[in-house]
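Examining the three-dimensional arrangement
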Amino acid sequence: MNAQAALRSSPLQVAPVAGMLMRRALAARPQSVRFVTVRAITSGSIAAAEAKQTRLFLRGAGFRAGSLATLRWKPPSLAVRRQYSLSPVAVISPSSAKTGADPELAKELGFERVEEQFVDEYKSTATLYRHKKTGAEIMSVVNDDENKVFGIVFRTPPKDSTGIPHILEHSVLCGSRKYPLKEPFVELLKGSLQTFLNAFTYPDRTCYPVASTNLQDFYNLVDVYLDAVFYPRCVNDVTTFQQEGWHYELNDPSEDITYKGVVFNEMKGVYSQPDNVLGRVSQQASFPDNTYGVDSGGDPTVIPDLTFEQFKEFHAKFYHPTNARVWFYGDDDPNQRLRIISAYLDEFEANAASKESEVKVQKLFNEPKRVVETYAVGDGAANARKHMVAINWVLSDTVLDPETELALGFLDHLMLGTPGSPLRKALMESGLGESMIGGGMEDELRQPQFSIGLKGVAEEDISKVEELVFSTLKQLAEDGFSPEAVEASMNTIEFSLRENNTGSFPRGLSLMLRSMGKWLYGLDPFEPLRFAKPLEHFKERLKTEGVKGVFAPLIRNFILDNPHRVTVELHPDVEKGKMEEAKEAERLASVKSSMTKEDLAELARATEELRLKQETPDSPEALKAVPSLALSDIPKKSTNIPIEVGNMKGSTILRHDLFTNDVLYTEVAFDMRTVRADLLPLVPLFCQSLLEMGTADLDFVQLSQLIGRKTGGISVYPSTSAVRGRAEPSSHIIVKGKAMASQTSDLFQLMRKVLQDVKFTDQGRFKQFVLQSKSRMEGRISGGGHSVAAARLDAKLNSAGWVSEQMGGLSYLEYLRDLEKRVDEDWPSVAESLNEIRNELLSRKGAIVNLTADERTLTSAESHVSNFLDAMPETAGSLTKWDRRLPLVNEGLVIPTQVNYVGKAGNIYDAGYELDGSAYVISKVIGTTWLWDRVRVSGGAYGGFCDFDSHSGVFTYLSYRDPNLIKTLDNYDGTVQFLRELEMDNDALTKAIIGTIGDVDSYQLPDAKGYSSMMRYIMGISDEERQRRRDEILSTSVKDFHAFADALESVKDKGVIVAVASADDIDAANKERSGLLEVRKVL
Ligand SMILES: [Zn+2]
């Protein structure tokens, strides 16, 4: 959620997401699950490489949901902070085959078995059924994975940009027949052990997935979701539509009418992000004749055209079994799956939806098109290099065979997958723009696309960017790719397929989204699950036809000679933001003037009624409807991760004996406190340089190819956290790598090379890193202002926060703006600083080497670790003191935006609070009740949440895409009163406790476990302490809530505020509360 949290997270875990964001900030999505924050800090080729390959071969799936789809909810990344202090419970073991459901039972329940396959790639038995009465299709995947997944998907192609599918996606989870309360979804968030709970709207489908490792919990989740999609209350009750979609708000007839609605504001936020504008314009211009020509997420200027009648009709037609695809995955009983789903399906008759929801094919153009659009920027930015240009192709209007798809995916990785890939390299080194846009190949929708371009371009350079793309593609079609590049791509892709590491995203969900990419269009749902044969065949073809023979025709036929091309130019426009606001105000004024006095009184009354309804809690009876586990279902003991602590040559060696399917995961952590404070903002670029600048004997392309050929990837990044009870933060630069056990020697040799042999001599490349980072930081501020606010608040309140903000907050952006000049004017001093960081940092004394694998692999790694340490200098610089903070003043950071990000924080340890496990439960309750109801539901923001950092004691309130500012601050302050007056029955308390344990026991794959264990070691968090916190969580009482109010009183009275907001809203706030915020123009 903030830079600090991001710094603490594991890049390998989140890299695919981060990479995705980097490459494709597209369409309507709340950015995103997924931690916008990380991308600014993760460096190295691995993120890009993994993301690429994930996108192609895993069809990006889970990760992509973030890029193409909107989500119901943006989960704040609280878990990131907590994972070190608490324990994971899941265990992954080698899979073995299991069988599908009993054929007799399936028949009895009304299912026809269409096909069954054993999918060797995932050791799974997959059976496709058709429900005879309604035509619903069910895929039942059986294996040993305890992280069970269920999903139901409807085809929901919209005809206009009113955002119908998106608003419906939000609304169906607001109460249903069996669960008649305001938001069963939130009750599940509060009180379930779910490992995944969300909903996505794509341009042509809506997905409702859940996951859990606990069987009873899983069944509860499935039932709530099925009841929600088929029998939602929102189709009978207009107030949900008003709340989630849009409505007029009028508090007093003398005031102006405004628009409110969760989706309305969510989409205003999306439309405030230039990258999203580009993605949307590109998609719509590429598909003028089918459903992709409109925005399923909703255009804020069109959303108010949507009527409740249209909304109801859309649900009746498309949320129907005939139009449904259902997915089950995991180690649960396949017979029970069919019983559960048939009970719902049997209540329906077939309808005509499946015909109507078919996604029409866009016929390919006969000639290319060009579109010029504008986007809103703050004044002062108009003359800068702020143009964007992207070239988009739709590759085909017929279905491609699996092998061609595979080859296109490979081609994409070869051209763009790593910083050394030729098309990426050409664009980045051209100096024509700041960073790449367009995501390369995109194959999740009906027709595959390819898209590439640059942002941060000067107007006169737009045509040069286009020429460069074409000349590079032509050259690649003529010269092909080097054997080293092909080998590196092949190894990277095979490694990742074998590892199947989806991070914190459930594997079963990743497979579902992948399968859906075919299934949804009436194609073979099994095909995307099988890669072994096409891959073998593809390798054969490479041998017989040669690299050029395979790829040159692809480049020519699908790209160069393909007339279905849309070039999109996006120009900055200082007036646009104001004009849009004026238009909205005008529209609202004319609405008001058309109303009689009585109408206005009625509207004010309706506004008040809606607000009252939103703020009235559900009755205890209604709340009881949502099934929940009992405390007795929760393990009392926390699960410990195996750790063995040893020493070698002055370094600490941590070993975690876990089954990793023959992969060795390692991290080497060097104490960063040896680095001088004024050099800290240079650290992220230092890390990037290690991987992307090259050594004396290898240029960076060769170096990254070598890493690709010999390992599963290497990354380097800083990680900083506060440590409870200590003024000094814990701060490290971590080198992270993974490889097959047989490649251990190569892995450590390459890690050594990266650390020691890289030469900081390439001024041109370094300049490009600076521009790229600057552009990413700017994107982050406009798309994820809450994380920038949080980092800023943290930096005012503790030194770990200060360090992190220097490397990923507004201070970092300001440093980069200066550095851009310094690189031109005084490169030698910059290069010297980079060398200085390395000299101060590298030492085997005090370093930590973390190893995660099975015992045999761990033992065989020892000699390689020893050689690695031998090569490191014995001692490094001495530790410096960084006890600094940003001034404790309230700030209003001005950006061009239609929605705000409002933060307020204080350090509750300073106010005398002593850590107790109940704080986790209380924070969760505040976030999912008080803040959810006030900031999101009645305030109309897309998100409102809080974060308690138990390491530093900083308690932070944050809002996301928020139409308010002062009102949100008042709601934060209201938390104290809310806690003081809180009454909670046993059921509600139990739910909150279970939900908190669910967060604590978050599902982790083995590499993440080894990583968490290392972080706990570094921060001095023992298993005993974790058990104590767990005991405290389990014994939380209502008294703890009342006591916590005292701690939050200090945040209310002495807390500091940072708002990232529009100039108008900050002005208004300063008028209302004189001089509240110190104004600072940021973008
Ligand atoms: Zn949404």
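Cut-offs and rules
Residues numbered from 1 in each chain as written. Predicted model: local features only at pLDDT ≥ 70, side-chain atom pairs only at ≥ 80, totals over all residues. Heavy atoms only, no water. Pairing = 2+ DSSP bridges. Helix = DSSP H or I, 4+ residues; strand = E, 2+ residues; numbered from the N terminus. UniProt positions renumbered as here; feature names shortened; annotations may be inferred. Axes fitted to C-alpha atoms, helices over the stretch in contact; angles between N-to-C directions. Contact = heavy atoms within 4.5 Å. Expected span 1.5 Å × (residues − 1). Bend = angle between axes of the 7 residues up to and from the residue. Buried < 20%, exposed > 50% of the residue type's maximum accessible area, 1.4 Å probe, protein only. Polar contact = N/O pair within 3.5 Å; in protein donor to acceptor, adjacent residues only side chain to side chain. Parallel < 35°, antiparallel > 145°, perpendicular 65-115°, else oblique. Nonpolar A, V, L, I, M, F, W, Y, C, P; charged D, E, K, R; others polar. Salt bridge = Lys/Arg side-chain N within 4 Å of Asp/Glu carboxyl O.

**Description of the pairing of strand β17 (residues 644-648)**
By the bridge criterion, 5 bridges tie β17 to strand β18 (residues 651-657) in an arrangement that is antiparallel. Each bridged residue has a counterpart across the sheet, and for asparagine 647 the counterpart in β18 is threonine 652. The antiparallel hairpin formed by β17 and β18 contains 2 residues in its connecting segment, where lysine 649 sits at a positive phi of about 50°.

**Focus: the UniProt feature "domain: Peptidase M16C associated" (unreviewed entry) in the protein**
The feature "domain: Peptidase M16C associated" (unreviewed entry), as annotated in UniProt, sits at residues 570-819 in this numbering. A distance of 27 Å separates the end C-alpha atoms of residues 570-819, which is 52% helix and 20% strand.

**Observations concerning the sheet that holds strand β20 (residues 713-723)**
Here we have 6 strands laid out as an open sheet, ordered β17-β18-β22-β19-β21-β20, and mixed in their pairing. One side of each edge strand has no neighbouring strand; the edge strands of this open sheet are β17 and β20. Across the sheet, the mean angle separating the axes of adjacent strands is 25° when strand polarity is ignored. For strand β19 (residues 663-671) and strand β21 (residues 726-740), the ladder comprises 9 bridges, and the chain directions are antiparallel. Bridging from a neighbouring strand, valine 668 pairs with valine 735 of β21. The strands touched by helix α26 (residues 683-692) are β20 and β21; relative to β20, the strand with the most contacts, the crossing angle is about 160°.

**Topic: helix α22 (residues 532-560)**
The terminal C-alpha atoms of α22, which comprises 29 residues, lie only 30 Å apart, well short of the 42 Å expected from a rise of 1.5 Å per residue. Along its length, α22 shows its largest kink, about 105°, at glycine 546. Turning to α22, its buried residues number three or more, namely Leu535, Phe538, Leu542, Val550, Phe551, Ala552, Leu554, Ile555, Phe558, Ile559 and Leu560. Those residues of α22 hidden inside the fold are in contact with β13 (387-394), α17 (402-416), β15 (449-457), α19 (462-479) and α20 (483-499).

**Description of the sheet that holds strand β27 (residues 1056-1061)**
Strands sit in the order β25-β26-β24-β27-β23-β28 across an open sheet of 6 strands; the sheet is mixed. One side of each edge strand has no neighbouring strand; the edge strands of this open sheet are β25 (943-948) and β28 (1078-1081). Mean inter-strand twist for the sheet, computed between neighbouring axes without regard to direction, equals 15°. Relative to strand β26 (residues 954-960), strand β24 (residues 901-907) runs antiparallel, the two being bridged by 5 bridges. Residue asparagine 907 lies in a different strand from β26, and its bridge partner there is valine 954. Against the sheet, helix α35 (residues 918-938) makes contact with β25 and β26, and its axis sits at roughly 160° relative to β25, the strand it touches most. The strands touched by helix α41 (residues 1063-1072) are β23 (891-894), β27 and β28; relative to β23, the strand with the most contacts, the crossing angle is about 155°.

**A closer look at the environment of lysine 613**
With respect to the secondary-structure elements, lysine 613 resides in helix α24 (residues 597-615). The sequence separation of lysine 613 and lysine 425 amounts to 188 residues, and the corresponding C-alpha distance is 56 Å. Setting aside chain neighbours within four positions, we find lysine 613 in contact with Lys182, Asp237 and Thr239. Looking at lysine 613, its side chain comes within polar contact range of the side chain of threonine 239, at 2.5 Å.

**Some thoughts on the side chain of serine 435**
Its location among the elements puts serine 435 in strand β14 (residues 435-442). Judged by relative accessible area, serine 435 falls into the buried class, the value being 6%. For serine 435, the side chain forms a polar contact with the side chain of serine 775, separated by 2.9 Å. Leave out the neighbours within four places in its chain, and serine 435 touches Met428, Gly453, Leu454, Lys455, Gln772 and Ser775.

**Concerning the side chain of serine 282**
Considering the arrangement of structural elements, one finds serine 282 in helix α13 (residues 274-286). A polar side-chain atom of serine 282 sits 3.2 Å from a polar atom in the side chain of asparagine 392. Once you skip the residues sitting within four places of it in the chain, serine 282 turns out to touch Ala390, Asn392 and Val568.

**So, the packing of helix α9 (residues 184-191) against helix α37 (residues 986-1000)**
α37 packs onto α9 with a crossing angle of 65° between their chain directions and a minimal axis gap of 5 Å. One element, α9, and the other, α37, form an angle in the roughly perpendicular class. When α9 is examined against α37, the residues Glu187, Lys190 and Gly191 are found in contact with a partner set consisting of Lys991, Ala992, Ile994, Gly995 and Thr996. Grouping the constituent residues of the contact of α9 with α37 by class yields 2 nonpolar, 3 polar and 3 charged.

**Quick word on the pattern of salt bridges**
Evaluation of the coordinates by the stated rule reveals 79 salt bridges. Linking glutamate 891 and lysine 796 is a salt bridge whose minimum nitrogen-to-oxygen distance equals 3.2 Å. Here lysine 796 lies in helix α30 (residues 785-797) and glutamate 891 lies in strand β23, a separation of 95 residues in the sequence. The pair glutamate 891 / lysine 796 is uniform in exposure class, with both members buried. Where lysine 904 meets aspartate 973, a salt bridge forms, and the shortest distance between an N and an O atom there is 2.9 Å. Placement of the pair is lysine 904 in strand β24 and aspartate 973 in helix α36 (residues 966-981), with a sequence separation of 69 residues.

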